[in-house]
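A closer look at the structure
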Amino acid sequence: MTTPLNITLCLSQTKPEPWEAGLKAALPGATVRNWTPGEPPADYAVVWAPPQAFLDEQPKLKALFNIGAGVDALMKLRLPLGCQVVRLDDAGMSVQMAEYVCHAVIRHFREFDGYEADVQAGKWSYRKPRLRADYPVGVMGLGVLGERVARALTVFDFPVHGWSRTPKQIEGVQGHSGAEGFDAFLTSCRVLVNLLPLTPDTADILNRRTLSLLQPGAYFINVARGAHLVEEDLLALLASGHMAGATLDVFRTEPLPEGHPFWTHPKVTVTPHTSARTLRDESIAQIAGKMLAMMRGETVAGLVDPARGY
Ligand code: NAP
Ligand code: GLV
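Bear in mind that the values here come from a model prediction, so they are computed numbers and not experimental data.

**Remarks on the site of ligand 1**
Around ligand 1 sit 30 residues, and of these Arg 87, Leu 145, Thr 166, Lys 168 and Tyr 310 come closest. Taking Val 144, its main chain carries an N or O atom lying 2.9 Å from an oxygen atom of ligand 1. Side-chain polar atom of Arg 225 to an oxygen atom of ligand 1: 3.3 Å apart, as the coordinates give it. When ligand 1 is considered free in solution it has 940 Å² of accessible area, and contact with the protein chains removes 92% of it. Mapped onto the shell around ligand 1, the elements with two or more residues apiece are helix H4 (93–109), helix H6 (144–155) and strand S7 (160–164). Examining the composition of the shell around ligand 1, we find that 3 residues originate from one element, H6, more than from any other. A per-class count over the shell around ligand 1 returns 15 nonpolar, 9 polar and 6 charged. Here the shell around ligand 1 gathers at least three residues from each of two domains, domain 1 (6–91 + 278–295) and domain 2 (93–270).

**Regarding the site of ligand 2**
Lining the immediate environment of ligand 2, one finds Trp 48, Gly 68, Ala 69, Gly 70, Met 93, Arg 225 and His 273. In the environment of ligand 2, an oxygen atom lies 2.8 Å from a nitrogen or oxygen atom belonging to the backbone of Gly 70. For ligand 2, an oxygen atom lies 2.8 Å from a polar atom in the side chain of Arg 225. Calculation on ligand 2 without its partners gives an accessible area of 190 Å², and the protein chains cover 85% of this total. Along the lines of polarity and charge, the residues of the shell around ligand 2 split into 3 nonpolar, 3 polar and 1 charged.

**Details of the sheet that holds S7**
If you trace the 7 strands from one edge of the open sheet to the other, you get S8-S7-S6-S9-S10-S11-S12, paired in parallel fashion. Edge positions in the sheet fall to strand S8 (173–177) and strand S12 (268–270), since each of these pairs with one other strand and no more. The mean inter-strand angle of the sheet, taken between neighbouring strand axes irrespective of direction, is 15°. When strand S11 (residues 243–248) meets S12, the two strands line up parallel, connected through 3 bridges.

**Some remarks on the sheet that holds strand S1 (residues 6–11)**
The 5 strands are arranged S2-S1-S3-S4-S5 in an open sheet whose pairing can be described as parallel. On the outer flanks of this sheet lie strand S2 (31–34) and strand S5 (84–86), each paired with one strand and no other. Averaged over all neighbouring strand pairs, the angle between strand axes comes to 20°, with direction disregarded.

**Concerning the packing of helix H1 (residues 16–26) against helix H11 (residues 280–295)**
Close contact between H1 and H11 brings their axes to 10 Å; oriented N to C, the two are set at 45°. When the interaxial angle is binned, H1 and H11 end up oblique. For the pair H1 and H11, the sense of crossing is right-handed. Taken together, the residues of H11 that come into contact with H1 (itself represented by Pro 18, Trp 19, Gly 22, Leu 23 and Ala 26) are Arg 280, Ser 283, Ile 284, Ile 287 and Ala 288. Along the lines of polarity and charge, the residues of the contact of H1 with H11 split into 7 nonpolar, 2 polar and 1 charged.

**Focus on the packing of aromatic side chains**
Under the defined criterion, the tally for this structure stands at 7 aromatic pairs. Each ring, one from Trp 35 and one from Phe 54, has its centre 5.2 Å from the other, and the planes form 75°; the classification is edge-to-face. Separated by 19 residues along the polypeptide, Trp 35 in the loop between S2 and strand S3 (44–48) and Phe 54 in helix H2 (residues 52–56) bring together distant segments of the chain. Judged on exposure class, the residue Trp 35 and its partner Phe 54 are both buried. One aromatic cluster is present, formed by Phe 109, Tyr 135 and Phe 158 through successive ring pairs. The side chain of Arg 190 reaches across the aromatic face of Tyr 135, ending 4.1 Å from its centre.

About the criteria used
- Residue numbers run consecutively from 1 along every chain, following the written order of its sequence.
- Chains carry letters from A onward and ligands carry numbers from 1 onward, assigned in written order.
- Local features in this predicted model are restricted to residues of pLDDT 70 or higher, and side-chain atom pairs are both shown and tallied only at a pLDDT of 80 or more, whereas totals for entire chains, interfaces and linings draw on every residue.
- Here the side-chain values reflect all heavy atoms present in the structure, with hydrogen atoms and water set aside.
- Whether a residue is near a molecule or strand depends on its heavy atoms: if one lies within 4 Å, it is near.
- Definition of a polar contact: a pair of N or O atoms within 3.5 Å, with one able to donate and the other able to accept a hydrogen when the atoms are protein atoms, and with sequence-neighbouring residues admitted only if both atoms are side-chain atoms.
- Surface accessibility follows the Shrake-Rupley procedure with a 1.4 Å probe radius. Residue values consider only the protein chains on display as shielding.
- Segments assigned H or I by DSSP are reported as helices when at least four residues long, segments assigned E as strands when at least two residues long, and all are numbered from the N terminus.
- Only Asp, Glu, Lys and Arg are considered charged in this grouping, and only Ala, Val, Leu, Ile, Met, Phe, Trp, Tyr, Cys and Pro are considered nonpolar; every other residue, Gly among them, is considered polar.
- All domain edges in this entry derive from an automatic or database-based domain assignment.
- Strands pair, by our definition, only if DSSP identifies at least two bridges between them.
- All axes are obtained by fitting lines to C-alpha atoms, using only the stretch in contact for helices, and the reported angles, taken between N-to-C directions, cover 0 to 180 degrees.
- Roughly parallel here means an angle under 35 degrees, roughly antiparallel means over 145, roughly perpendicular means 65 to 115, and every remaining angle is called oblique.
- Note on convention: the crossing is left-handed when the near helix lies turned anticlockwise from the far helix by less than a right angle, right-handed when the turn is clockwise.
- Contacts are assigned to residue pairs with any non-hydrogen atoms lying within 4.5 Å of each other.
- Aromatic pairs are defined between Phe, Tyr and Trp rings, using the six-membered ring for Trp, whenever the two ring centres lie within 6.5 Å; interplanar angles under 30 degrees are classed as stacked, those over 60 as edge-to-face, and all others as tilted.
- When accessible area is computed with a 1.4 Å probe and restricted to protein chains, residues below 20% of their type maximum are described as buried, those above 50% as exposed, and intermediate ones as partly exposed.
- Any Lys NZ or Arg CZ that is within 6 Å of a ring centre and within 35 degrees of that ring's normal is treated as a charge sitting over the ring.

Below, the structure written as structure tokens:
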């Protein structure tokens, strides 16, 4: 007789009941419990930003399944010895990210905010069409989400550049890689999209020096993590006119604090960390499938390399 699979859930800012029910339905016979302190240790955990106290009670964990793509909150913690970390691998996020980024790029390029303001003022007025060649777009991070976004942008005929740690070949995308390729990547772009994971190598990577390398009148879209950006440096470059504007979905402190200058900045669009949401049904199906695959001794997509931090 095989021992039943023992799964614990520890989900901050997320209602656990539908996850518990969904995992039970996807893995008949498994024990699935929402963690409360003092419970017997489990084999697998499904988590979002768990406290250290949770991990300290889980010495037997074989794997932690993160219900998001970014594992930065998890990688700051002391993990049980030998425990693998598995992140969401798309699960419906890449199409959302492509929608969000293409919308932001096109809204800026076609000056839709300006037209909206004109219409509000009862004005029927035209703006001179902009040239796509003057708006090369750069995507930082060409992983599961970045590659989908870069490909989606090529459909609108923007010149597209991409930057990753290791070289990538994506049709229609001019690739740059490594620290040595970073400055040339930035100087090639006027619109910059950040889709990097947050690691010790990428924290504060968008700052006065790096944003200044973008072409004048630059536009920045941050859909990765707030800690990639030195916020006061972006504010200074918006004030100087080097940056034309930004769409920001993520912030150093979330929710964005009351009174933060981004809330009311005329050149900044704020959204509440919503560019690619975790879709529960797709995620449960993916996590359950990976648990079964790992139990059969197979490797799964989305395994985090602790040395790289993503
Ligand atoms: P991924 O598949 O792991 O891709 C990461 C990409 O970043 C890879 O191309 C990787 O290069 C590159 N990279 C990592 N470190 C680098 C460095 N030091 N220099 C240059 N390139 C580097 O991750 P993903 O699934 O696309 O997700 C990306 C991030 O999006 C997540 O970590 C998360 O923070 C964020 N996210 C945000 C939201 C939201 O709603 N705002 C939703 C989901 C995810 P290699 O290909 O060479 O390894
Ligand atoms: C959301 O930010 C995620 O990492 O999935």
